[in-house]
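One letter stands for each residue in the lines below.
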Amino acid sequence: MTNMPDDPTTELPGRPPVVDLATWQAARDELLVREKAHTRAGDALAAARRRLPMVEFDGTVEVVGPDGPVPFLDLFQGRDELIVYKHMWYDGAPHQGQCEGCTTAAWYLKDAVYLNAAGVSFAILTTGRWEEVASFVAFMGYTQPWYSVRDVPPPVGGEMGYLTCFLRDGDRVFLTYSTTGRGNEPLNGSLSLLDMTPYGRREAWQDNPEGWPEGNPPCWSWRSDAEGTATWGPTSRPVPQWTRPGATPVKTLGRQGPHS
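We now turn to the structure provided with this report. Since the structure is predicted, the reported quantities are computational estimates derived from the model, not experimental observations.

Right, let's get into the pattern of salt bridges. Enumeration according to the criterion identifies 10 salt bridges in this entry. Between E35 and R28 there is a salt bridge whose closest N-O contact spans 2.8 Å. Given a relative accessible area of 27%, R28 falls into the partly exposed group.

What follows is the structure, given as structure tokens:
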């Protein structure tokens, strides 16, 4: 049995109430009912997603990779399904000037071994010139297949910043699903974990308890300087770039409080 302190000063101003374990468990069980409903609603959405109509297109359209131009069909690597992440690109920008959100997303899925085991291939597409892309891939130490889709029409090319799914039936290729914005969040596993913590993502848009610490702008932690301090200044770069081989910052963002 857990004993509660008798001193009322253990209550924390601007925080949820401090209770005994049994009271906490009852509140937790009540929330669990809502969480299970949310899970089932997600299952229903996934079922509807699997029933979306498909768009057929020419799978022989060429993209450019380390071995030069190859047909889009090659990205399936013999599998029937393919997920691609369309990485935004800024022509001529230094490595630290590339999109912090896309850099973060690509960093989380360094290889697709579990997707491959389920019969799904994965690749990253971008509109950058292959020479620039290859340099960035080497700088980051990425192991995923990367391809340039510069001047390639949709649905292979086109607007970047999307997570897109394709299906192959022999030599026929189909677009089945595409999402962007917060739809890309499955690539970044930290976001779901942060949502479980007391302070969440520490961002101003969150619905927090009254008196909770003030939040930061969205994506505040995606760029830092060499000391690990969150900043969008001229010395900053996407956080994963500091954690690539041989470039660990002195400090970590874990030090930063919700007001940082």
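Let's shift gears to helix α1 (residues 21-49). Here α1 spans 40 Å end to end across 29 residues, near enough to the 42 Å set by a 1.5 Å rise per residue. A side-chain oxygen of the first residue of α1 lies 3.0 Å from the backbone nitrogen of A22; this N-cap is D20.

Along the polypeptide, R244 turns up in the segment after α6 (239-242). D225 is the oppositely charged side chain nearest to the buried, salt-bridge-free R244, at an N-O distance of 13 Å. At 2.7 Å, the side chain of R244 and the backbone oxygen of Q241 are in polar contact. Filtering out sequence-adjacent residues up to four positions away, R244 remains in contact with W107, F139, M140 and R237.

Next up on the list: the pairing of strand β2 (residues 62-65). Burial of β2 is one-sided: the residues V63 and G65 facing one way are buried, the residues E62 and V64 facing the other way are not. Here four bridges tie β2 to strand β3 (residues 68-71), and the two strands are oriented antiparallel to one another. Across the sheet, G65 pairs through a bridge with G68, a residue of β3. Where β2 folds back on β3, the antiparallel hairpin that results is connected by two residues.

Next up on the list: the packing of aromatic side chains. Inspection of every chain in the model, using the stated rule, returns 10 aromatic pairs. Taken together, a centroid distance of 5.7 Å and an interplanar angle of 55° make the contact between F57 and F72 tilted. One end of the pair, F57, is in strand β1 (residues 55-57); the other, F72, is in the loop between β3 and β4 (81-87), and 15 residues separate them in sequence. The class of F57 is buried, set by a relative accessible area of 15%. A centroid spacing of 5.3 Å and a plane angle of 70° characterise the contact between Y199 and W212, whose relative ring orientation is edge-to-face. In this pair, Y199 sits in the loop between α5 (189-194) and β9 (223-224) while W212 sits in the loop between α5 and β9, placing the two residues 13 residues apart along the sequence. Exposure remark for Y199: the relative accessible area of 24% places this residue in the partly exposed category.

What counts and how
- Residues numbered from 1 in each chain as written.
- Predicted model: local features only at pLDDT ≥ 70, side-chain atom pairs only at ≥ 80, totals over all residues.
- Heavy atoms only, no water.
- Salt bridge = Lys/Arg side-chain N within 4 Å of Asp/Glu carboxyl O.
- Buried < 20%, exposed > 50% of the residue type's maximum accessible area, 1.4 Å probe, protein only.
- Helix = DSSP H or I, 4+ residues; strand = E, 2+ residues; numbered from the N terminus.
- Expected span 1.5 Å × (residues − 1).
- Polar contact = N/O pair within 3.5 Å; in protein donor to acceptor, adjacent residues only side chain to side chain.
- Lys, Arg positive; Asp, Glu negative; His and termini not counted.
- Contact = heavy atoms within 4.5 Å.
- Pairing = 2+ DSSP bridges.
- Phe/Tyr/Trp six-rings, centres within 6.5 Å; stacked < 30°, edge-to-face > 60°.

Note that all results are geometric; they support no functional claim without further evidence.
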